[in-house]
Amino acid sequence: MDNTLDILRTATEASPYYGRLYLVGGIVRDKLLEKPSDEDIDIVLEGDAGELAEFLHTQGVAEHAPVTYPRFGTAMVTVRGTQVELVGARRESYDPASRKPSTSPGTLLDDVLRRDFTINTMLENLHTGEILDLTGRGMLDMWDKLIRTPVDPASTFADDPLRMLRAIRFATRLGFRIDEEVYAAVGSCAARLGIVSGERIREEFIKMLMGPDAVAGLDMLRETNLLDQFAPDLSAMHGVTQNIY
């Protein structure tokens, strides 16, 4: 991954993108926590992600023509076998029946406020290494081992209910606790999980089960009624004893 970042850094060093590209999300969080990261590389900029992807392709950095998603202001490239997601800083609004947002260009602050948890909002300048904590809470919550949303948790989960599963996965993976208001919002918003595809739910559930504390994760899924939404039979087995077999 470091080689990929070096390639991206070198390719944009003497370009209009110098100093404007920021690593964001799990890769920054895990680096600050000094933990190995299996996260993809996410880069955000105040500008057009598609144009950046085309620039990387013309520089011979990207291994294929970029895949762009104009509706969401994102683009994907592969560099040295590593997937890199490029995101134009944006604002989001949601239709209640879908977790796919409508987007419009925004600032870096707009972009971090739309993200799931404060611990995933830190930005690292690709070229200078400067860390930005635009919410003013990301670092504090990370050192306090706290899962908290950057805005009202009910709004965060209503917009994208998959974030409720992610809250529990991050808590069990990192050994963090979930903020009380956030945990209560998960319970009150649990039924919203019905708009999420089974494939995405399965992906989060498997990651949690393969993590270091699956038992705690299952307990939280049951307590918040999330388990009832996608595995009611498993939820009903709570408290059932087993015999010698």
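Residues numbered from 1 in each chain as written. Predicted model: local features only at pLDDT ≥ 70, side-chain atom pairs only at ≥ 80, totals over all residues. Heavy atoms only, no water.

Caption draft 1: Fine view of empty space enclosed by the protein. This model, assessed by the stated rule, comprises one cavity of 30 Å³ or more. Every residue along the wall of the largest cavity is listed here: Leu 8, Thr 12, Leu 21, Ile 43, Leu 52, Leu 56, Leu 86 and Leu 126. When its residues are assigned to classes, the lining of the largest cavity shows seven nonpolar, one polar and no charged. (1 Å grid on protein atoms, 1.4 Å probe; cavity = no way out; pocket = protein on both sides within 12 Å on 5 of 7 lines; lining within 4 Å. Points joined across faces, edges and corners; volume = space filled by probe spheres on them. Nonpolar A, V, L, I, M, F, W, Y, C, P; charged D, E, K, R; others polar.)

Caption draft 2: Highlighting the layout of surface pockets. Of the volumes computed, that of the largest pocket is approximately 1400 Å³. In terms of lining, the largest pocket is formed by 41 residues, of which the most central are Asp 42, Glu 85, Arg 99, Arg 166 and Arg 200. Broken down by secondary-structure element, the contributors of at least two residues to the lining of the largest pocket are helix 2 (26–32), strand 4 (74–79), strand 5 (82–88), strand 6 (90–94), helix 7 (162–174) and helix 9 (198–209). Considering each element in turn, the lining of the largest pocket owes the most residues, seven residues, to helix 7. Within the lining of the largest pocket, the residues separate by chemical class into 12 nonpolar, seven polar and 22 charged. (Helix = DSSP H or I, 4+ residues; strand = E, 2+ residues; numbered from the N terminus.)

Caption draft 3: Layout of a nonpolar patch on the surface. A cluster of nonpolar side chains, namely Leu 109, Leu 113, Leu 134 and Val 151, defines an oily patch on the protein surface of about 270 Å² accessible area. Of the residues examined, Leu 113 reaches a relative accessible area of 32% and is grouped as partly exposed. (Patch = residues over 30% accessible without salt bridge, like charges linked within 9 Å, V, L, I, M, F, W, Y side chains within 5 Å. Areas by Shrake-Rupley, 256 points an atom, 1.4 Å probe, with all protein chains shown as cover. Salt bridge = Lys/Arg side-chain N within 4 Å of Asp/Glu carboxyl O. Buried < 20%, exposed > 50% of the residue type's maximum accessible area, 1.4 Å probe, protein only.)

Caption draft 4: Molecular detail of the pairing of strand 2 (residues 41–45). Among the five residues in strand 2, four count as buried, and that is most of the element. Sheet analysis places strand 1 (residues 22–24) next to strand 2, joined by two bridges and oriented antiparallel. Pairing of Leu 23 across the sheet is with Ile 43, part of strand 2. In terms of strand pairing, strand 2 meets strand 5 through five bridges, oriented parallel. Note that in strand 5 the partner of Ile 41 across the bridge is Val 84. (Pairing = 2+ DSSP bridges.)

Caption draft 5: Main features of the packing of helix 7 against helix 10 (residues 214–223). In the contact formed by helix 7 and helix 10, the axes pass within 9 Å of each other and the chain directions differ by 150°. Looking at the two axes, helix 7 sits roughly antiparallel to helix 10. For the element pair helix 7 and helix 10, the recorded crossing hand is right-handed. Here Leu 165, Ile 168, Ala 171 and Thr 172 of helix 7 come into contact with helix 10, specifically with Ala 216, Gly 217, Met 220 and Leu 221. (Axes fitted to C-alpha atoms, helices over the stretch in contact; angles between N-to-C directions. Parallel < 35°, antiparallel > 145°, perpendicular 65-115°, else oblique. Left-handed = near helix turned anticlockwise from the far one by under 90°. Contact = heavy atoms within 4.5 Å.)

Caption draft 6: Fine view of the packing of aromatic side chains. What the rule picks out here adds up to three aromatic pairs. Aromatic side chains Tyr 17 and Phe 55 sit 5.4 Å apart centroid to centroid with 55° between the ring planes, which places their arrangement in the tilted category. In this pair, Tyr 17 sits in the loop between helix 1 (2–11) and strand 1 while Phe 55 sits in helix 3 (residues 49–58), placing the two residues 38 residues apart along the sequence. Like Tyr 17, the residue Phe 55 is buried in the burial classification. Ring geometry for Phe 205 against Phe 230: centres 5.1 Å apart, planes inclined by 70°, an arrangement best described as edge-to-face. Placement of Phe 205 in helix 9 and of Phe 230 in helix 11 (residues 226–230) is noted, with a sequence separation of 25 residues between them. Of the residues examined, Phe 230 reaches a relative accessible area of 23% and is grouped as partly exposed. For Arg 169, the ring lying beneath its charged end belongs to Phe 170, and the centroid distance is 4.9 Å. (Phe/Tyr/Trp six-rings, centres within 6.5 Å; stacked < 30°, edge-to-face > 60°. Lys NZ or Arg CZ within 6 Å of the ring centre and 35° of its normal.)

Caption draft 7: Geometry of unusual backbone geometry. Its identity as a non-glycine residue notwithstanding, Arg 80 has a phi of 50°, on the positive side. Mapped onto the elements, Arg 80 comes out in the loop between strand 4 and strand 5. Assessed through its relative accessible area of 60%, Arg 80 is described here as exposed. Residue Asn 225 is not a glycine yet carries a positive backbone phi of 70°. Locating Asn 225 in the fold gives a position in the loop between helix 10 and helix 11.

Worth remembering: the numbers are spatial, not functional.
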